[in-house]
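What follows is the residue order along each chain.
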Amino acid sequence: MSSRVRVAAVQAAPRWLNLAAGVDQVVSLIESASDQGARLVAFPETFLPGFPWWMWLSAVDWDGDIIARYRRNSMTVDGPELRAIRYAARRRGIHVALGFSERDGEQVFMSQALIDDRGAVQVARKGAPTPLERTVFGSAPRRPLIRETAVGRVGVLGGTDHLRPGVCEDMHRAGEQIHVAAWPGFTVYEGEPRTRGPELCTDTSRRYARAGGSYVIAPTAVVPVAGWEVAGPGTPRRRLLRGGSGVARILGPDGRDLAVPLDEDAEGLLVADLIVATGRDRVRPGHPPGARALA
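Everything quoted here is computed from the prediction, not taken from an experiment.

Cut-offs used in this document
- Residues numbered from 1 in each chain as written.
- Predicted model: local features only at pLDDT ≥ 70, side-chain atom pairs only at ≥ 80, totals over all residues.
- Heavy atoms only, no water.
- Salt bridge = Lys/Arg side-chain N within 4 Å of Asp/Glu carboxyl O.
- Helix = DSSP H or I, 4+ residues; strand = E, 2+ residues; numbered from the N terminus.
- Buried < 20%, exposed > 50% of the residue type's maximum accessible area, 1.4 Å probe, protein only.
- Core = buried A, V, L, I, M, F, W, Y, C linked by side-chain atoms within 4.5 Å.
- Contact = heavy atoms within 4.5 Å.
- Arc of directions from axis to C-beta.

Q: Go over the pattern of salt bridges, please, and point to the residues and values.
A: Side chains carrying opposite charge are able to pair once their charged atoms draw close together. In the structure shown here, the tally under the stated rule is 16 salt bridges. Here Lys126 ties to Glu45 by a salt bridge, and the two come within 3.1 Å at their closest N and O atoms. With Lys126 in the loop between β5 (121–125) and β6 (145–149) and Glu45 in the loop between β2 (40–42) and α2 (66–72), this pair connects stretches of sequence that are 81 residues apart. The partner of Asp170 in a salt bridge is Arg173, with the nearest N and O atoms 2.4 Å apart. Taken together, the positions of Asp170 and Arg173, both in helix α4 (residues 165–173) and 3 residues apart, correspond to about one turn of that helix. By relative accessible area, which is 26% here, Asp170 ends up partly exposed.

Shown next, in the form of structure tokens:
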């Protein structure tokens, strides 16, 4: 047997460094996805409070308080912000995959929350951030975030974890039916030519779908990088970074698009219907080592 599952991928600019506004935005997008009939909505990596693109700048160009501001606007697992998002998921009866910066004491981690339609949540931290990401984020033991849900067996990975073969193979072996490939978006220095970042993201998502035989939902952030400027003595403000393009995709197990992508830099939801095997038509492997769960 099989069932039809409508899913949504977010392509939007986060409310950068404003956790309260970001939570309101996430709840609004959950409601919008639900209004369109989606039973699962997926958000980009570190959508709350946005990916720290300033890592790419030299230290002298940073706002001196920016790391402290980023920590203050990062979300805790037991805080009111995640409770509000969990409540929205339960109220709308929708599953939510959310990338966020998780604050734990003086550290922050690149975390993913997988919330079911009853508001129960599992959270996993990125086990091996890139060297640049480690200038902001801590490392953690790798715990696969794969969960049996009412819409099928769902797994989540963030960004560069898709370039780590061992991690991907573990996810494939766990029997994902729906995989969320959460990308943070892309940016480049002002004046530099366009990079292949968006294309590499899409190519990687396609390879993952074909290798694992799973559907792939690939949300991504639009990155306008508004206001990322510095002023030197006697010089006008100059822009340091410019945004990249949103490249959200929903892919079939053969890697083909199941929905027409949104225009570059457009904000909204990409929506598609998946046919997910149920009952005797699917293999149900044992659950991998679990992530932290909150009922």
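There is more to say, and it comes next.
Q: Lay out the nonpolar core in plain terms, naming residues and giving numbers.
A: Core analysis: the largest hydrophobic core is formed by 30 residues, its most contacted members being Ile30, Val41, Phe43, Leu48, Ile85 and Val96. Of all the secondary-structure elements, those providing two or more residues to this core are β1 (2–12), α1 (19–35), α3 (80–92), β3 (95–104), β4 (107–115) and β5. It is α1 that contributes the most residues to this core, 7 residues altogether. With sequence-adjacent residues up to four places away left out, Phe43 is seen in contact with Val10, Val26, Leu29, Ile30, Val96, Ala97, Leu98, Gly99, Ala182 and Pro219. Listed in part, the 23 residues of the second largest apolar core include Val5, Val154, Ala248 and Ile250.

Q: I'd like a rundown of the environment of Ile250, residues and numbers included.
A: Mapped onto the secondary structure, Ile250 falls in strand β15 (residues 249–251). On the accessibility criterion, Ile250 (0% relative accessible area) is buried. For the pair Ile250 and Pro219, spaced 31 residues apart in sequence, the C-alpha separation works out to 8.3 Å. Those residues in contact with Ile250 that lie beyond four places of it in its chain are Val7, Ala9, Val216, Ile217, Arg256, Asp257, Leu258, Ala259, Leu270, Val271, Ala272 and Leu274.

Q: How would you summarise α4 if you had to cite specific residues and measurements?
A: For α4, the full list of buried residues reads Val167, Cys168 and Met171. Along the axis of α4, the buried residues cluster in a sector spanning 95 degrees; they form a single face. Counted as exposed and oriented over 90 degrees from the buried face of α4: Pro165 and Arg173. Gly175 lies just past α4 and shows a positive phi near 80 degrees.

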